Amino acid sequence: MHQFFVEDSQIGREFVTITGSDVNHIKNVLRMKPGEKIRISNQMGTDYFCEISEVADTFIQADILREDAPSTELPGRIYLFQAIPKGGRMETVIEKAVELGVYEIIPVAMQYCVVKLDDKKREAKTARWQKLAEAAAKQSKRSRIPYIHPVMEFEEAVSYASSCDIRLVPYENEKGMASAREAFSSVKPGNSISVMIGPEGGFSEEEIALAAETMQVISLGKRILRTDTAGIAVMSALMLKLEMR
C-alpha cells in the first residue's frame, strides 16, 4: 500500500484531497485508479487508510475508510546529530536513518569536517535533504516525515542535544563497551535520545571535551567505523531496544 503525506487542511470529515507533485506521481507514475487503497498521514503522525474515489488533473480525492490506523513510529524520539560527510554519504545517512525511525536529523559543521558549506550551499543542501527524508518516509511507511534541520555549528548542536533524556557520543578513542552497555540498557519507551556523530577526521579535543560535559561518551567496539556507518549502527541498536518489548 502506497504512503502519502498531507497537511491538516487537506483532510475533511469523510475524504482527503491530495494536491501538488503527488498528483502526477499517483496518476502518471503509479497509474492508480479509483478503488485502490492508499495510506495517508498528516504532519502530526495521524494515519488514515483511504480509497481513491476521484483522479483529476490537479487533485486526487480519497475517501477515509479508517482513521487512527496503527502508527509506524518508534516509541521514543531519536535526534541524530550528523557531522557533514563528503560526497553523497549524507544522503545515505538520511535515507537509512529515516527507515530506522529517526525523529530529527541535525547536520553539524565540525572542525575536522572535510566538506565546508557556505550559507547558500547549506540552504540548498538542506532543501534537498528534506526531500530525501520525505521520499524515505514514504518508502518505509512512516507516520511522519522527520525534520532535517539547517546546518548547526557544533556549540549550538551540543546545546540542542543536551535537552534530551539520553545523550550519546560515540568516540573512537573511548575504550571498552561498558559505557555503551550501560547507555543502551537505560533506554526506555518514551525517552528522547540524542546521538552525536563525528566527522571523517574525528572530533577535535575541544569538541569532545565540550560534548562530554553534558553527553555520555561511548565506544562502538574495537573497529573504527566510517562517519556514515556509525550513525546507522547506533540507530539500529536503539530501534531494536525501543521496539523489542
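Residues numbered from 1 in each chain as written. Predicted model: local features only at pLDDT ≥ 70, side-chain atom pairs only at ≥ 80, totals over all residues. Heavy atoms only, no water.

We now examine the overall build of the protein. A count of helical and extended segments in the protein gives 7 helices and 12 strands. Here the C-alpha atoms of the protein give a radius of gyration of 20 Å, agreeing with the 18 Å that 2.2 N^0.38 yields for 245 residues. Along the first, second and third principal axes, the C-alpha set of the protein runs to 60 × 45 × 30 Å. A fraction of 74% describes how many contacts in the protein between residues 6 or more apart in sequence connect residues 24 or more apart. As presented, the protein carries roughly 12400 Å² of accessible surface, and 49% of it is formed by carbon and sulfur atoms. Taking the average place of the 31 positive charges on the side chains of the protein and the average place of its 35 negative ones, the gap between the two points comes to 6 Å. (Helix = DSSP H or I, 4+ residues; strand = E, 2+ residues; numbered from the N terminus. Rg over C-alpha atoms; globule rule 2.2 N^0.38 Å. Contact = heavy atoms within 4.5 Å. Areas by Shrake-Rupley, 256 points an atom, 1.4 Å probe, with all protein chains shown as cover. Lys, Arg positive; Asp, Glu negative; His and termini not counted. Charge placed at Lys NZ, Arg CZ, Asp CG, Glu CD.)

Let's shift gears to the pattern of salt bridges. Tallied over the full model, the rule gives 10 salt bridges. For Arg142, the salt bridge identified is with Glu73, shortest N-O distance 2.6 Å. With Arg142 in the loop between helix H3 (119-139) and strand E8 (147-148) and Glu73 in the loop between strand E5 (60-67) and strand E6 (77-83), this residue pair connects regions lying 69 residues apart in the sequence. Residues participating in the shared-partner salt-bridge network are Asp22, Glu134 and Lys138. (Salt bridge = Lys/Arg side-chain N within 4 Å of Asp/Glu carboxyl O.)

Another point: helix H5 (residues 178-185). Of the residues making up H5, those classed as buried are Ser179, Ala180, Ala183 and Phe184. Axial view of H5: buried residues confined to an arc of 120°, hence all on one face. Turned more than 90 degrees away from the buried face of H5 sit Arg181 and Glu182, all of them exposed. On its buried face, H5 sits against strand E10 (166-170), strand E12 (216-218) and helix H7 (227-243). (Buried < 20%, exposed > 50% of the residue type's maximum accessible area, 1.4 Å probe, protein only. Arc of directions from axis to C-beta.)

Phi is positive for Arg31, which is not a glycine, with a value near 55°. In this structure Arg31 comes out as exposed when scored by relative accessible area, which is 58%. Of note in the backbone geometry, Lys141 takes a positive phi value of approximately 60° without being a glycine. On the secondary structure map, Lys141 appears in the loop between H3 and E8. On the accessibility criterion, Lys141 (28% relative accessible area) is partly exposed.

Strands sit in the order E1-E3-E4-E5-E2 across an open sheet of 5 strands; the sheet is mixed. Only two strands of the sheet have a single partner each, and these edge strands are strand E1 (2-6) and strand E2 (15-18). Across the sheet, the mean angle from the axis of one strand to that of its neighbour is 40°, orientation sign disregarded. Direction of pairing for strand E4 (residues 47-55) relative to E5: antiparallel, over a ladder of 7 bridges. (Pairing = 2+ DSSP bridges. Axes fitted to C-alpha atoms, helices over the stretch in contact; angles between N-to-C directions.)

It is worth spelling out the packing of aromatic side chains at this point. All told, the structure shown has 5 aromatic pairs when counted by the stated rule. Grouped by ring-pair contacts, the aromatic residues Tyr79, Phe81, Tyr103 and Tyr160 constitute a single cluster. One cation-aromatic arrangement involves Arg144 over Tyr103; the distance from NZ or CZ to the ring centre is 4.0 Å. (Phe/Tyr/Trp six-rings, centres within 6.5 Å; stacked < 30°, edge-to-face > 60°. Lys NZ or Arg CZ within 6 Å of the ring centre and 35° of its normal.)

This paragraph deals with the packing of helix H2 (residues 89-100) against H7. It is the contact of H2 with H7, at a shortest axis distance of 9 Å, that shows an interaxial angle of 0°. Taken together, the axes of H2 and H7 lie roughly parallel to each other. Within the contact between the two elements, H2 uses Arg89, Val93, Lys96, Ala97 and Leu100 and H7 uses Asp228, Ile232, Met235, Ser236 and Met239. Considering only residue class, the contact of H2 with H7 consists of 6 nonpolar, 1 polar and 3 charged. (Parallel < 35°, antiparallel > 145°, perpendicular 65-115°, else oblique. Nonpolar A, V, L, I, M, F, W, Y, C, P; charged D, E, K, R; others polar.)

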